Amino acid sequence: TIEFPGKRGLRMDAAELGQKAVELSLERTKTIVIARVKQAYFQALLAGEIARNLEFTITLLSDFLKVVTDRYQTQASSYLDVLRTKVELTRLRNDRVEANRDYELRLAELNILLGRSGEVAIALSDSLRYAPLSLSQQDAIAQFASQSFFLQITEQQVLQSQSMYQLAQRSYYPDFSIGAALQRRPGQLSPIGSSTYFGLGLGLSIPLWFWHGPKGEVQEAQASVGASTIRLEAARRRVRQSIAAAYRTARVAEQQLIVFDSSLLKDVEDELRTGIAAYQNNQIDALNLFDIYRTYRSTKIEYARALYNFSAAVAELEASKEVPE
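These lines cover the structure that appears in this document, whether it is placed above or below. (Residues numbered from 1 in each chain as written. Predicted model: local features only at pLDDT ≥ 70, side-chain atom pairs only at ≥ 80, totals over all residues. Heavy atoms only, no water.)

Some thoughts on the packing of aromatic side chains
Part 1 of the argument: Across all of its chains, the model carries nine aromatic pairs by this definition.
Part 2 of the argument: Their ring planes at 80° and their centres at 6.0 Å tell us that Phe64 and Phe290 sit as a pair that is edge-to-face. Taken together, the residues Phe64 in helix α1 (residues 7–73) and Phe290 in helix α6 (residues 286–319) connect sequence positions 226 residues apart. In this pair, the class of Phe64 matches that of Phe290, namely buried.
Part 3 of the argument: Ring plane angle 50° and centroid distance 5.8 Å describe the contact between Phe260 and Tyr303, whose orientation is recorded as tilted. (Phe/Tyr/Trp six-rings, centres within 6.5 Å; stacked < 30°, edge-to-face > 60°. Helix = DSSP H or I, 4+ residues; strand = E, 2+ residues; numbered from the N terminus. Buried < 20%, exposed > 50% of the residue type's maximum accessible area, 1.4 Å probe, protein only.)

Encoded structure:
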């Protein structure tokens, strides 16, 4: 069968556009998986940071226990202060066990997400850190939307439906056919002595234009073009809204992080040094100093959480262009 000129080309175009859409779908999936890996990686970094913070606080409190013990031996402090310090150290060590367990669990989850064997050790070579978000919201929307595989897939579907529409329009045109046959027969048949016959056939298929089949195919294909065009416009709006929402989340997380960087971390470190000096000069008791230690520890942990929230929000912003389900 020989199709009317243009039909085969349009059918090939539609197939190639479908293949391109599948390739883009794979890239979209990769982008979403990368964002999930980043978030799992940042969660592991946060768990490790909390464990290290507890270890550092335990070291500080162990040094403080030596000071309290020396003061008790010189009768400058009561044994109750020594006992309270030991209890606080025990509580922190219990917290450290839980933090280390959570860290190992996060590493195991990351290993699973990477498709690695659980027996393979994984070492995190990075750390949670702050890199300012330099793009404005409009620039972020324009940049990430232009990189969206989700939008490119939808655009390919529009082009594919347009090719199918043009193909349906050509259903009104005839197709051609050509055939050849070769037969061998006994020599008794006429003409006498002949045993080989060769035949050639040509054909033309003409659509009956008054039938509703071709017309219905054209109308259906035209409706598909309209529907895919509407889906493309809806996809553009969804992508823009998704990017804008992710951008606002990242900005809020960044503002929270700036509060720590600008003053809070420095203030709590100064308060800890002042508190230790005040205790040594008998200006405050051990309970007040413990409160300062707890505040210092909580601030460091919350700072690590703020770093994680911002890093995870940026990773989500990078994947927001794909409109994850």
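Some words on unusual backbone geometry
Of all residues except glycine, most have a negative phi; of all peptide bonds, most are trans.
Part 1 of the argument: Positive phi, normally seen in glycine, also occurs at Asn282, with a value near 60°.
Part 2 of the argument: Residue position: Asn282 is located in the loop between α5 (213–280) and α6.

Focus: the side chain of Glu88
Part 1 of the argument: With respect to the helices and strands, the residue Glu88 is situated in helix α2 (residues 79–113).
Part 2 of the argument: Glu88 has contacts with Leu61 and Arg294, leaving out every residue within four places of it along the chain. (Contact = heavy atoms within 4.5 Å.)

Observations concerning a nonpolar patch on the surface
Part 1 of the argument: Among the surface-exposed residues, Ile2, Phe176, Ile178, Leu182, Phe198, Leu200, Leu202, Leu204 and Ile206 lie close enough to one another that they form a single nonpolar patch of about 1000 Å² accessible area.
Part 2 of the argument: The set of elements that each furnish at least two residues to the nonpolar patch consists of β1 (175–184) and β2 (196–205).
Part 3 of the argument: Element by element, the count of residues in the nonpolar patch is highest for β2, at four residues.
Part 4 of the argument: Relative to the elements of secondary structure, Leu182 occurs in strand β1.
Part 5 of the argument: Leu182 sits in the exposed class, given a relative accessible area of 60%. (Patch = residues over 30% accessible without salt bridge, like charges linked within 9 Å, V, L, I, M, F, W, Y side chains within 5 Å. Areas by Shrake-Rupley, 256 points an atom, 1.4 Å probe, with all protein chains shown as cover. Salt bridge = Lys/Arg side-chain N within 4 Å of Asp/Glu carboxyl O.)

Digging into the packing of α1 against α5
Part 1 of the argument: With their axes 12 Å apart at the nearest point, α1 and α5 run at an angle of 15° to one another. On the basis of their axis angle, the class for α1 and α5 is roughly parallel. Judged by the sense of rotation from one axis to the other, the crossing of α1 with α5 is right-handed. Note on element contacts: α5 touches α1 through Leu272, Tyr279 and Gln280, opposite Leu60, Phe64, Val67, Val68 and Arg71. (Axes fitted to C-alpha atoms, helices over the stretch in contact; angles between N-to-C directions. Parallel < 35°, antiparallel > 145°, perpendicular 65-115°, else oblique. Left-handed = near helix turned anticlockwise from the far one by under 90°.)

A look at the pattern of salt bridges
Part 1 of the argument: A full pass over the atoms with the stated rule returns 22 salt bridges.
Part 2 of the argument: Here Glu88 makes a salt bridge to Arg91, at a shortest N to O gap of 2.6 Å. Of the two residues, Glu88 and Arg91 are both situated in helix α2; the distance of three residues between them amounts to about one turn of the helix.
Part 3 of the argument: Given the relative accessible area of 33%, Arg91 is considered partly exposed.
Part 4 of the argument: Between Glu109 and Arg106 there is a salt bridge, with the nearest N and O atoms lying 3.4 Å from each other. Taken together, the residues span about one helical turn, with Glu109 and Arg106 both in helix α2 at a distance of three residues.
Part 5 of the argument: The exposure class of Arg106 is partly exposed, given its relative accessible area of 25%.
Part 6 of the argument: A single network of salt bridges, built from pairs that share partners, joins Glu88, Arg91, Asp95, Asp291, Arg294 and Arg297.

Regarding helix α3 (residues 137–146)
Part 1 of the argument: Taken together, the buried positions of α3 are occupied by Ala140, Ile141, Phe144 and Ala145. Around the axis of α3, the buried residues are gathered within 115° of arc, so they sit on the same side. Along α3, exposed side chains directed more than 90 degrees from the buried face belong to Gln138 and Ser146.
Part 2 of the argument: Structurally, α3 contributes buried residues whose contacts are with α4 (149–169), α5 and α6. (Arc of directions from axis to C-beta.)

What about the packing of α2 against α6?
Part 1 of the argument: Between α2 and α6, the shortest axis-to-axis distance is 10 Å and the interhelical angle comes to 20°. If you check the angle between α2 and α6, you find them roughly parallel. Along this stretch, α2 crosses α6, giving a crossing that reads as right-handed. Between α2, through Asp81, Arg84, Thr85, Glu88, Arg91, Leu92 and Asp95, and α6, the contact on the second element is made entirely by Ala286, Leu287, Phe290, Arg294 and Arg297.
Part 2 of the argument: Its residues assigned to classes, the contact of α2 with α6 comprises four nonpolar, one polar and seven charged. (Nonpolar A, V, L, I, M, F, W, Y, C, P; charged D, E, K, R; others polar.)

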